[in-house]
Amino acid sequence: MENKTYRYGMFLILFLLTAVLVAVSLYVGSVRVPLEEIVSLLLKDGGDGVYKDIVMEIRFPRALAAAMLGGSLALSGYLLQAFFHNPIAGPFILGISSGAKLAVALVLVLSLKKALQPGFAGMIGAAFLGAMLSMGFVILMSKVVDKMSMLIVSGIMIGYICSAVTDFLVTFAEDEQIVNLHNWSMGSFSGLGWEHVAVIFLVVFPAFLGVFLMSKPISAYELGELYAQNLGLNIRKFRFWLVVLSSLLSACVTAFAGPVSFVGIAAPHLVRRLLGTARPILMIPACFLGGAVFCLLCDLLARTLLAPAELSISTVTAMFGAPAVIYILVQRKGKF
Amino acid sequence: MGEEFYFYTKTLSVGYHGVPLVENIEIGLKKGQILTLIGPNGAGKTTILQSIIRQLEPLKGAVFLDGKELGRISAGELARRISVVFTERIRPEMMSCRQVVETGRYPYTGRFGILSDRDHRVVRESMELVKVSEIAEEAFEKISDGQRQRVMLARALSQEPELIVLDEPTSFLDIRHKLEFLSVLQRLSREKGLSVVLSLHELDLAERISDRIACIRGDRIDRTGTPEEIFTPGYIRELYGIVAGDYDERTGTAELPKQEGAPQVFVIGGNGTGTPVYRRLQRQGIPFTTGILWENDLDYPAARLLAAEVVGERAFCRVRTEAIRRAKELMKGCREVICTLKAETGGDFYPELLELIEYARANCVFH
């Protein structure tokens, strides 16, 4: 009870961090925009045309998209960890992002050939299908292998297969769009505008609500299937929704930003440490915020470290995320 | 099985993937009773327990709770009536013992699982009942196996069940906690009318705690009944197919196999002084004979299972001369006689035993 204030404090800090990082994202970049310009842009809707384009049309939507997609990844990872009772499960490591990537690449290449522009719904739909296929495969594997670590290995293998096929597609796709496709298949938040932000919000917000409504069943499921079922949980239905929501969340990310590594593992883990509890009702919103902070920070670094060139987002997230995984392994002394 | 039972099964067959493991199960218990399943490893105790909590679909037949078939009871209602403690090890992350116990309130809370004052009270009382209140705030992963098992019982109790199903709940407990654990179950069944179905490996404990026992053997329930009806001489050996050693139903003790070969030692024992010597000789691989023991002597059960031959006498009867003759004969064949009785001091000692001791002193290597 005494750490209730502490937990509220943590939520406040995560909120503030998100806001601060969005603000910093507006300011920092390869083009130097004076601070007073940004303030006047935000407050008075005025300002110089070029600055306005850079800040309001490029940096602002990109930051918001990074925040929402980061939150989605963290949440997706959290759900997968709950599903497999495995702390290093995540959409990237289990090959689910790569499955989505492959499906999206396929749709893009096919539609480029026919000079069509696939809509957002098509992109997300394809990503969702790809994610579900990978997920289905991982679930099948989980029935064959009984070791957590082996499950992760088979997920990584699925990821490699999907990436290889995607590379193949990208290499053989003709067109000037290849460059674009190539960037996307490496993972990047660049080029996301307001129309993307709107669509992302429309997908992610309901999904977030759905996950939040599942916080009670998730807490029962933590005890294992037998106890969860004895508590009255409908396991089949619960698992179905868990798979659908986590696939949808990671599919949305992949459709817009390509595969982004490690956020799904690192963010929930860091947030759990920070909160000092694993109660789903607190973890779910905190994970979302934590993922947002994590991705905003990584995107800032991706944009600025080698400016004006950009690093792929996965390069940066891996730099922070992979050590987090190693830390979890060491802490658990390899017990899986 | 009729209506007088609170919980019973009717021609129940259980198993996995349509393959029956145990068939035609008819067990039942009244409110406030304790029913124990015993039987060899792999006999299907856990499978039966999983089927009566609807974790597994029965292959045939049905389970009835309070006159209603289990399949007709909603998941939520069932959760408020039956709770479980299974051997499946749970690994909840960053949960205190209290939080684990709180999960038992799941069937009673709303959409977000927020606990009411009443929920908190039930959780507190459940923890007090099994004496885990003092570790309430400790991390569940950090406590000992014994404590963990008690926390799981508190969790099951906080579900406020009418029937509690436990799969080998005492397996990882030391003797103190085994007794404590079972006495809590006994108290709850007597005082609160809680019905209990459990499986046990410890036959001595099963005999003591159970109102009814069901023995699983092969593909069927071999016997059901009160402990008196179950533990008849020789039955446990038969039920478990014991080939090495034996089990004494009257005292609830097990002994390792007796040593084969020509007896080398004769033990004059009695009143419990012989048993440790019998066991030592068994460990050292020395075949022995012993006597004279009345059938109601404390040493008799162990002697019967361990000695090559026991010179026995019927309970409360005078020693017959043939017994003395036989004992002397056996002593002669041995290289050594061990006497564990302190006979010299007592004046009212059975003269036949004194005679044996004198004989041994005169004719054998005597200790």
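Residues numbered from 1 in each chain as written. Chains lettered and ligands numbered in written order. Predicted model: local features only at pLDDT ≥ 70, side-chain atom pairs only at ≥ 80, totals over all residues.

Trainee: Describe the packing of helix α3 (residues 49–84) of chain A against helix α13 (residues 280–304) of chain A, with residues and values.
Mentor: Residue and element names in this part refer to chain A. Contact geometry for α3 and α13: axes closest at 6 Å, N-to-C directions at 130 degrees. Classified by the interaxial angle, the pair formed by α3 and α13 is oblique. Here α3 and α13 pass one another in a crossing that is right-handed. Touching Ala63, Ala66, Ala67, Leu69, Gly70, Gly71, Leu73, Ala74, Leu75 and Tyr78 of α3 are Met283, Ile284, Cys287, Phe288, Leu289, Gly290, Gly291, Ala292, Phe294, Cys295, Leu296 and Asp299, all from α13. Broken down by class, the residue content of the contact of α3 with α13 amounts to 17 nonpolar, 4 polar and 1 charged. (Axes fitted to C-alpha atoms, helices over the stretch in contact; angles between N-to-C directions. Helix = DSSP H or I, 4+ residues; strand = E, 2+ residues; numbered from the N terminus. Parallel < 35°, antiparallel > 145°, perpendicular 65-115°, else oblique. Left-handed = near helix turned anticlockwise from the far one by under 90°. Contact = placed C-beta atoms within 7 Å. Nonpolar A, V, L, I, M, F, W, Y, C, P; charged D, E, K, R; others polar.)

Trainee: Talk me through the sheet that holds strand β17 (residues 336–339) of chain B; I want residue IDs and the actual numbers.
Mentor: Strands belonging to one sheet form pairs held by backbone hydrogen bonds; the direction of such a pair is parallel or antiparallel. Residues and elements named next belong to chain B. Read across the sheet, 4 strands follow the order β16-β15-β14-β17 without closing on themselves; strand pairing throughout is parallel. Two strands lie at the open edges of the sheet, namely β16 (309–313) and β17, each paired on one side alone. Strand-to-strand twist in this sheet, taken as the mean axis angle between neighbours without regard to direction, amounts to 15 degrees. Alignment of strand β15 (residues 288–294) against β16, held across 5 bridges, turns out to be parallel. By the bridge assignment, Trp294 is partnered in β16 with Glu313. The sheet strands contacting helix α10 (residues 274–284) are β14 (265–268), β15 and β17, and the helix crosses β14 at an angle near 165 degrees. (Pairing = 2+ DSSP bridges.)

Trainee: Tell me what's going on with the interface of chain B and chain A, and back it up with residues and numbers.
Mentor: Taken together, the contact pairs 21 residues of chain B with 18 residues of chain A. Going through the elements one at a time, α2 (75–81) and β7 (82–85) of chain B are the ones with two or more residues in the side of chain B that touches chain A. Ranked by residue count, the leading element in the side of chain B that touches chain A is α2 of chain B, at 4 residues. Along the lines of polarity and charge, the residues of the side of chain B that touches chain A split into 13 nonpolar, 5 polar and 3 charged.

Trainee: Could you give an account of the domain arrangement of chain B, with specific residues and numbers?
Mentor: Annotation of chain B at the domain level lists domain 1 (7–234) and domain 2 (256–363). Using only C-alpha atoms to locate each centre, domain 1 of chain B and domain 2 of chain B end up separated by 46 Å. (Domains from an automatic or database assignment.)

Trainee: Can you explain the confidence of the model for chain B? Please cite residues and give values.
Mentor: Within chain B, residue pLDDT values average 91, and 98% of them lie at 70 or more. Among the prediction metrics, the complex's ipTM stands at 0.84, with pTM recorded as 0.86. (pLDDT = per-residue confidence, 0-100.)

Trainee: Go over the sheet that holds strand β11 (residues 220–225) of chain B with me, naming the residues and quoting the values.
Mentor: Residues and elements named next belong to chain B. Taken in spatial order, the 6 strands make up an open sheet running β7-β8-β9-β4-β10-β11, and their pairing is mixed. At either margin of the open sheet sits one strand with a lone partner, and together these are β7 and β11. Averaged over all pairs of adjacent strands, the angle between their axes in this sheet comes to 15 degrees, without regard to strand direction. Two elements, strand β8 (residues 163–167) and strand β9 (residues 195–199), share 5 bridges in a ladder whose sense is parallel. The residue bridging Val165 from the neighbouring strand is Val197, located in β9.

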